[in-house]
Amino acid sequence: MKKLLKIMILCLPYFFGTQETLAQPRLDFEFGNFGHWILDTGVRVDNEIIWNPRPADNLGLQIKLMSPSSTPKDHLGLDCLPIPVDLPTTFPAGRFSARLGDRKGGNNVAKISSTFTVTENATFLNYSYAIVLEDPGHGAEEQPKFVVNIKDSMGNLATCGEFEVSAGPDADNNGFIYCEGDYQILPWTTSGADLTPYIGEDITIEFMILDCSLGAHGAYAYVDASLGALKINVENLCNNGDTATLHAPEGFSEYLWSTGETTPSITIENAQYGENYSVTLISNTDCSKTIYTNLAPKSTARIDALPDEEICLGGSVFVQPKGVNVGDFRFTRPDPTNPGEYIDVAPIGASAVLSPIKNTTYTIIARNKNGCEGLSTTLKVNVINSDDPPFPKADFEIETLTEGTENICNTIQLKNLSGYCKGGLTYNWDFGDGTKSSETNPLHTFPTTNENTTYIITLTVTSADSNAIITKSVEYNTFILADFSTSKLDCETISIVNSSNICSNSISEFTPLVYSWNFGDGSPNITTSNNEPSLTHIYSKSGTYDITLTITNINEPGVIISTFSRIVRIDLETNVDFNYRINCLDVTFEDLSVQCSTKTTYIWDFGDGSPTSNQENPKHIYTTPGTYEVSLTILDGTESLSQTKEISVTTTETIPDFELDIKCDIVSFTNFTNSCDELTYTWDFGDSSPFSTEKNPTHRYDLNKTYNVTLTVNDGLKDFSISKSFTTGNGLTGYNIPQDMILCRNPSATNTPIFDLAAQKDFILRGLANNNIELPSVSFHLNAPEAFNGLRPLPLEFTSFSSSQKIYARIANQNGCVEVFMFSLNILNTPTVNLIENIHLCSFNQSNTEYDLSQLNAKIFDGIDQSNIKLSYHLFENDAVLGTNKITELNLNAGLDILLYVRSEHITDSRCFELSTFQIRMDNDDTDTNNRCMPFFANTMTPNGDGRNDTFFIKNIEKFSNNTLTIYNRWGNMVYRTTGYNNTWNGMHKGKPLPSGNYYYYFQLNDGTNRSHSGYITILR
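Residues numbered from 1 in each chain as written. Predicted model: local features only at pLDDT ≥ 70, side-chain atom pairs only at ≥ 80, totals over all residues. Heavy atoms only, no water.

### Brief notes about the overall build of the protein chain
Line of reasoning, step 1. What the protein chain contains, in helices and strands, is 8 helices and 76 strands.
Line of reasoning, step 2. For 1021 residues, the compact-globule formula gives about 31 Å, and the C-alpha radius of gyration of the protein chain, at 40 Å, lies well above that figure.
Line of reasoning, step 3. Summarising its shape, the C-alpha atoms of the protein chain cover approximately 130 × 95 × 65 Å along the three principal directions.
Line of reasoning, step 4. A burial count over the protein chain gives 44% of its 1021 residues as buried.
Line of reasoning, step 5. The long-range fraction of contacts in the protein chain, counting pairs at least 24 apart against all pairs at least 6 apart in sequence, stands at 62%.
Line of reasoning, step 6. Of the roughly 51800 Å² of accessible surface on the protein chain, 47% is carried by carbon and sulfur atoms.
Line of reasoning, step 7. Charged side chains of the protein chain number 67 positive and 120 negative; the gap between the two group centres comes to 11 Å. (Helix = DSSP H or I, 4+ residues; strand = E, 2+ residues; numbered from the N terminus. Rg over C-alpha atoms; globule rule 2.2 N^0.38 Å. Buried < 20%, exposed > 50% of the residue type's maximum accessible area, 1.4 Å probe, protein only. Contact = heavy atoms within 4.5 Å. Areas by Shrake-Rupley, 256 points an atom, 1.4 Å probe, with all protein chains shown as cover. Lys, Arg positive; Asp, Glu negative; His and termini not counted. Charge placed at Lys NZ, Arg CZ, Asp CG, Glu CD.)

And the structure:
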């Protein structure tokens, strides 16, 4: 009966499928979770993506589920100038969507992907996206971007399965709206893909958003997707001769009907059954697909009954009816002014989102595939009046507890602000340090460490009634970072604002901290507290001063928590100076004055009788060539100071000139040619490479060589040239690539594991010190972007709380050459095995014999996972330490004690090992003076009837007639047991031969000494 019931359950979906509601893969997010989507984050470095291990720590920051409880409109869209952009955070036809990325930058990449099998009823992939890109004006390959990939089961792009757009001109060409502040926004856009060629195959769709590759500029996108049939929908063809409407699938950029029309929908007057129509669909990737329909009568649509729903005020219900002969549904409520008529409350379709504000009964009408109305059912939606959120909401605040803790940032109280009008929420906190909690308002203490550590705290809220999963993630820093900014109030007075970061907050919340200020001018230090965010200092002399802030704890005044210094320049007198650059009659002036006052008036007299200028760095166009005396006068509020220089401008000669900037092997050339004519440019880079005609080119050279570069400009009549020589510096050569570091740790140790990164640094630089070159700098970082930019270097004594952590080494020389390498810090537990007691064996008639040491392995590994342990035996301690001269057999001489060393090493790294010792002795009749003999056990038997090794043979068994032998198979089941064993077991169990394999035996001597022996016997057939 149980078997029959199982079959019936498996068949139920098939019977329901006949109602033309065949199950299709779900790609949307309307269940309130990410379902079958896979979430990934990574970092973008030099246009390569380094993916984080799953699950990534920053998932909650980079990938979010947007729900009805989220902010309904994107705030950058609302703030867009000159015209706001209406950008809903959820797809307008649904309640949920996914958001990828953020606007903060940081080289982040976020991706979601889903794999599904294409069926005949699901050949149309419909996906929608709304995108926000910051446009920093980088090169095209460095810009923030959004990518959609559709791949086949081999990972290859499907036909027309790629869409990619980058900030800048590419986004402009794809319909983005430009907003002041260098943002570009694309409102919700729908695209489609034909998957008909892939029926029966697996297809993967992935959405990806990438920050700019230089790290400072961000991007984010909202996405949604669904699957359906790729077909023409017929509307209002209920009788032959009706006026019918044909709708092509949404999501294509162009449509071409067999009638010649180019709109997504067409109207057919006097439509006749049997007529054929087609439409060619052209996607935004310029792929085309033609689909067909034959007008024919359709059966009446029927709809299944719908259960009552209950929502909260302000909430909504997602309705997806089922039925027979269904094309779509009409969602209505009765018209109170026209009995028998209905008012549409949602667009016609396969599903709808209904949001009543009071108890409402809806009428859902099934329509067949010709758009003709059939049977209907009612849906009653009851509305709960509540002040709590109408949808599950995840929210919390962090309160740092500063009293009585060693590190004031380490202990926090989480205040849960989540809610749902129906209640029934469960909570799962992930603190980002490997610990979790299901409490409502947990108290948590992070591990104590000397390092500046950032944790991502994620609260996941699950509702009992809908299984919606909502998350919120917040970064929390358990470090104290001194910081401040300065500004000048007047010539001698500096204003300072304390902007230190204390546990991810400002200083105001943390009373135990003391801030000590050294102004660098010999004046006494002063201290401030948490309620003094700003201060001023007056200097008496001009000069450069180093202001230093030191943070300490009032309870431990001698322990410095953090320091920060900033240099300020004090000028009590104004010195006027300026520079200029001439281009034909155009002259650009640059103020180089050193002045104390922040309230300055500039007066430029260009010497040609033209009006003066009050700009700081003006540009002036002279009308005639000549020599002019230009003066700059500065009024600083107390006096007037001037500087005059003579300049000559001419239109008679083109004067070529350029400057260059060397950074490692890249040289950037800037053209400063003075000419009044339109010019062409030819650059000879001096290395036999092709010439360049750019105005300001960039070129890559070999390192440590001298080059002569020539710029030739032509004004249409004549060439003018200038050459300059330069030498590229040394590159990064001769260093060692960093190796993974291993720290061997006793599993029972309680001390904090500390890696010596100084040793890694020495390894990297090994050998360079003898080459008489300036050594490159080496620093270590937690991620690649910080490594490339030299940010937040790690201390050389680094504390790691992870068994495997990625570290990035930055190697940089004085010429600007930078290399970054990733290596791992791995903490391995030193293998610990069972100790072997001293062994005493017997051979009554022999003076020596061979002993197989492998039979000891069973006892050494008893109860221990041996998958990561490599075991070896050694005769000498030095061999055991080095892991050399391993032995597997031992020649025993009667009456001699032999000391053996057991080495158990980690299979990953031989440097993690443990040594133990035991003695082994064999006696015969002459040497066994204490009657302590143990028998010898065979380790293999071949019960094939040839008279050799047919039984489990135990040498000297006749001396222990009271013995007990028990044998088990690999699952722990006993297959043989006897008392007084005498070498007779032939591998049988219950009259049947046991299969080949290893079997565990336990042998008790029962000679009054409680001695026993265990090991493995292998049956070979």
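Additional details are given in the paragraphs that follow.
### Some words on the environment of leucine 796
Line of reasoning, step 1. Inspection of the secondary structure assignment puts leucine 796 in the loop between α6 (784–789) and β59 (797–799).
Line of reasoning, step 2. Overall, the relative accessible area of 34% leaves leucine 796 in the partly exposed class.
Line of reasoning, step 3. Each C-alpha atom, one on leucine 796 and one on isoleucine 754, is 9.5 Å from the other, the two residues being 42 residues apart in sequence.
Line of reasoning, step 4. Setting aside residues no more than four positions away along its own chain, leucine 796 makes contact with Phe755, Asp756, Leu757, Ala758 and Phe780.

### Things to note about a nonpolar patch on the surface
Line of reasoning, step 1. Residues Val881, Leu882 and Leu915 make up a contiguous nonpolar surface patch of about 240 Å² in total accessible area.
Line of reasoning, step 2. Positionally, leucine 882 belongs in helix α8 (residues 877–882).
Line of reasoning, step 3. Take leucine 882: its relative accessible area is 54%, and that puts it in the exposed class. (Patch = residues over 30% accessible without salt bridge, like charges linked within 9 Å, V, L, I, M, F, W, Y side chains within 5 Å. Salt bridge = Lys/Arg side-chain N within 4 Å of Asp/Glu carboxyl O.)

### Considering the pairing of strand β4 (residues 97–102)
Line of reasoning, step 1. The buried fraction of β4 amounts to 6 of the 6 residues, a majority that puts the element mostly inside the structure.
Line of reasoning, step 2. Across 4 bridges, the pairing between strand β3 (residues 63–66) and β4 is antiparallel. What sits directly across from isoleucine 63, in β4, is leucine 100.
Line of reasoning, step 3. Note: β4 against strand β12 (residues 219–228), 5 bridges, orientation antiparallel. (Pairing = 2+ DSSP bridges.)

### Quick look at the side chain of lysine 111
Line of reasoning, step 1. With respect to the helices and strands, the residue lysine 111 is situated in strand β5 (residues 108–117).
Line of reasoning, step 2. Judged by its relative accessible area of 14%, lysine 111 falls in the buried class.
Line of reasoning, step 3. Among residues more than four places away in sequence, those in contact with lysine 111 are Ile38, Leu39, Asp40, Trp51, Ile63, Leu100, Glu206, Phe207 and Met208.

### Details of helix α5 (residues 757–765)
Turn by turn, an α-helix covers 3.6 residues, leaving residues three or four places apart pointing in a common direction.
Line of reasoning, step 1. Turning to α5, its buried residues are Leu757, Gln760, Ile764 and Leu765. For α5, the angular spread of buried residues about the axis comes to 130 degrees, placing them on one side.
Line of reasoning, step 2. If you check the start of α5, you find a side-chain oxygen 3.2 Å away from the backbone N of alanine 758, and it comes from aspartate 756. (Arc of directions from axis to C-beta. Polar contact = N/O pair within 3.5 Å; in protein donor to acceptor, adjacent residues only side chain to side chain.)

### Here we look at the state of the cysteines
Line of reasoning, step 1. Scanning the model with the defined rule gives 7 disulfides in all.
Line of reasoning, step 2. Paired through a disulfide, cysteine 238 and cysteine 372 show a sulfur-sulfur distance of 2.1 Å. Sign of the S-S torsion, about -120 degrees for the bond between cysteine 238 and cysteine 372, identifies this disulfide as left-handed. Note that cysteine 238 is positioned in the loop between β13 (233–235) and β14 (244–247) and cysteine 372 in the loop between β26 (360–367) and β27 (373–384), a separation of 134 residues in sequence.
Line of reasoning, step 3. The exposure class of cysteine 372 is buried, given its relative accessible area of 8%.
Line of reasoning, step 4. Distance from the sulfur of cysteine 212, which forms no disulfide, to the nearest cysteine sulfur (cysteine 179) is 18 Å. (Disulfide = S-S within 2.5 Å.)

### So, the packing of aromatic side chains
Line of reasoning, step 1. Tallied over the entire structure, the rule returns 42 aromatic pairs.
Line of reasoning, step 2. For the pair phenylalanine 446 and tyrosine 476, a centre-to-centre distance of 5.7 Å together with 20 degrees between the ring planes defines the contact as stacked. Taken together, the positions of phenylalanine 446 in the loop between β32 (443–445) and β33 (454–463) and tyrosine 476 in strand β34 (residues 469–477) put the pair 30 residues apart, joining distant regions of the chain. Accessibility assignment for this pair places phenylalanine 446 and tyrosine 476 in one class, buried. (Phe/Tyr/Trp six-rings, centres within 6.5 Å; stacked < 30°, edge-to-face > 60°.)

### Some remarks on the environment of arginine 95
Line of reasoning, step 1. In this structure, arginine 95 sits in the loop between α3 (75–78) and β4.
Line of reasoning, step 2. A sequence separation of 346 residues divides arginine 95 from asparagine 441, and the C-alpha atoms of the two residues are 29 Å apart.
Line of reasoning, step 3. Once residues lying within four places of it in the same chain are set aside, the contact partners of arginine 95 are Glu30, Met66, Ser67, Pro68, Thr90, Ser316, Val317, Phe318, Val353 and Phe391.

### Overview of the sheet that holds β32
Line of reasoning, step 1. Within the open sheet, the 3 strands sit side by side as β28-β29-β32. Their pairing is antiparallel. A strand with exactly one partner marks an edge of an open sheet, and here the two such strands are β28 (396–400) and β32. Along the sheet, successive strands turn relative to each other by an average axial angle of 30 degrees, direction set aside.
Line of reasoning, step 2. Pairing of β28 with strand β29 (residues 411–416), which is carried by 5 bridges, proceeds in the antiparallel orientation. What sits directly across from glutamate 399, in β29, is glutamine 413. (Axes fitted to C-alpha atoms, helices over the stretch in contact; angles between N-to-C directions.)

### A look at the pattern of salt bridges
Line of reasoning, step 1. In this structure the tally under the stated criterion is 21 salt bridges.
Line of reasoning, step 2. Here arginine 566 makes a salt bridge to aspartate 483, at a shortest N to O gap of 3.7 Å. Note that arginine 566 is positioned in strand β43 (residues 556–570) and aspartate 483 in the loop between β35 (480–481) and β36 (484–488), a separation of 83 residues in sequence.
Line of reasoning, step 3. Its relative accessible area of 31% is what places arginine 566 among the partly exposed residues.

### Comments concerning the nonpolar core
Line of reasoning, step 1. Tyr127, Ile131, Phe146, Ile205, Phe207 and Ile502 are the most contacted members of the largest nonpolar core, which has 84 residues in total.
Line of reasoning, step 2. Discounting residues that sit within four places of it in the chain, isoleucine 205 has contacts with Leu27, Trp37, Ile112, Ser113, Ser114, Phe116, Leu125, Tyr127, Val148, Asn149 and Ile150.
Line of reasoning, step 3. Membership of the second largest hydrophobic core comes to 43 residues, among which are Met934, Phe952, Ile954 and Ile967. (Core = buried A, V, L, I, M, F, W, Y, C linked by side-chain atoms within 4.5 Å.)

### A word on the UniProt feature "domain: PKD" (unreviewed entry) in the protein chain
Line of reasoning, step 1. Under the local residue numbering, the UniProt record ascribes the feature "domain: PKD" (unreviewed entry) to residues 426–475, 511–553, 585–650 and 667–715.
Line of reasoning, step 2. Between the end C-alpha atoms of residues 511–553 there is a gap of 9 Å, over a span that is 0% helix and 58% strand.
Line of reasoning, step 3. Helix and strand shares over residues 667–715 are 0% and 45% respectively, and the end C-alpha atoms of the span are 26 Å apart. (UniProt positions renumbered as here; feature names shortened; annotations may be inferred.)

### Some points on the environment of isoleucine 266
Line of reasoning, step 1. Tracing the backbone through its elements, the reader meets isoleucine 266 in strand β16 (residues 265–268).
Line of reasoning, step 2. Sequence separation of isoleucine 266 and histidine 247 is 19 residues, and the distance between their C-alpha atoms is 6.8 Å.
Line of reasoning, step 3. If near-sequence neighbours (up to four positions away) are discounted, isoleucine 266 is found in contact with Ala244, Thr245, Leu246, Trp257, Thr259 and Glu261.

### Topic: the sheet that holds strand β42 (residues 543–553)
Line of reasoning, step 1. The 4 strands lie next to each other as β40-β39-β42-β43, forming an open sheet whose pairing is antiparallel. With one partner strand each, in any of the chains shown, β40 (526–528) and β43 form the two edges of the open sheet. Neighbour to neighbour, the strand axes of the sheet diverge by 25 degrees on average, direction disregarded.
Line of reasoning, step 2. Where β42 and β43 come together, 11 bridges link them in antiparallel fashion. Residue pairing for β43: threonine 548 is matched across the bridge by serine 565.

### Thoughts on unusual backbone geometry
Line of reasoning, step 1. The omega torsion across leucine 81 and proline 82 is 10 degrees, close enough to zero to call that bond cis.
Line of reasoning, step 2. Looking at the secondary structure, you find proline 82 in the loop between α3 and β4.
Line of reasoning, step 3. The phi dihedral of asparagine 107 falls on the positive side, at around 65 degrees, and the residue is not glycine.
Line of reasoning, step 4. With respect to the helices, strands and loops of the structure, asparagine 107 is situated in the loop between β4 and β5.
Line of reasoning, step 5. Positive phi, normally seen in glycine, also occurs at asparagine 704, with a value near 60 degrees.
Line of reasoning, step 6. Along the chain, the position of asparagine 704 falls in the loop between β53 (698–700) and β54 (706–714).
Line of reasoning, step 7. In this structure asparagine 704 comes out as exposed when scored by relative accessible area, which is 52%.

### Description of the confidence of the model for the protein chain
Line of reasoning, step 1. Averaged over every residue, the pLDDT of the protein chain is 85; residues scoring 70 or more account for 94%.
Line of reasoning, step 2. pLDDT under 50 marks residues 1–24. Its contacts with residues more than four places away, or in other chains, come to 17 contacts. (pLDDT = per-residue confidence, 0-100.)

### Focus: the side chain of aspartate 328
Line of reasoning, step 1. Note on placement: aspartate 328 falls in strand β23 (residues 328–334).
Line of reasoning, step 2. In this structure aspartate 328 comes out as buried when scored by relative accessible area, which is 16%.
Line of reasoning, step 3. Contact partners of aspartate 328, with chain neighbours within four places excluded, come to Ile348, Gly349, Ala350, Ile365, Ala366 and Arg367.

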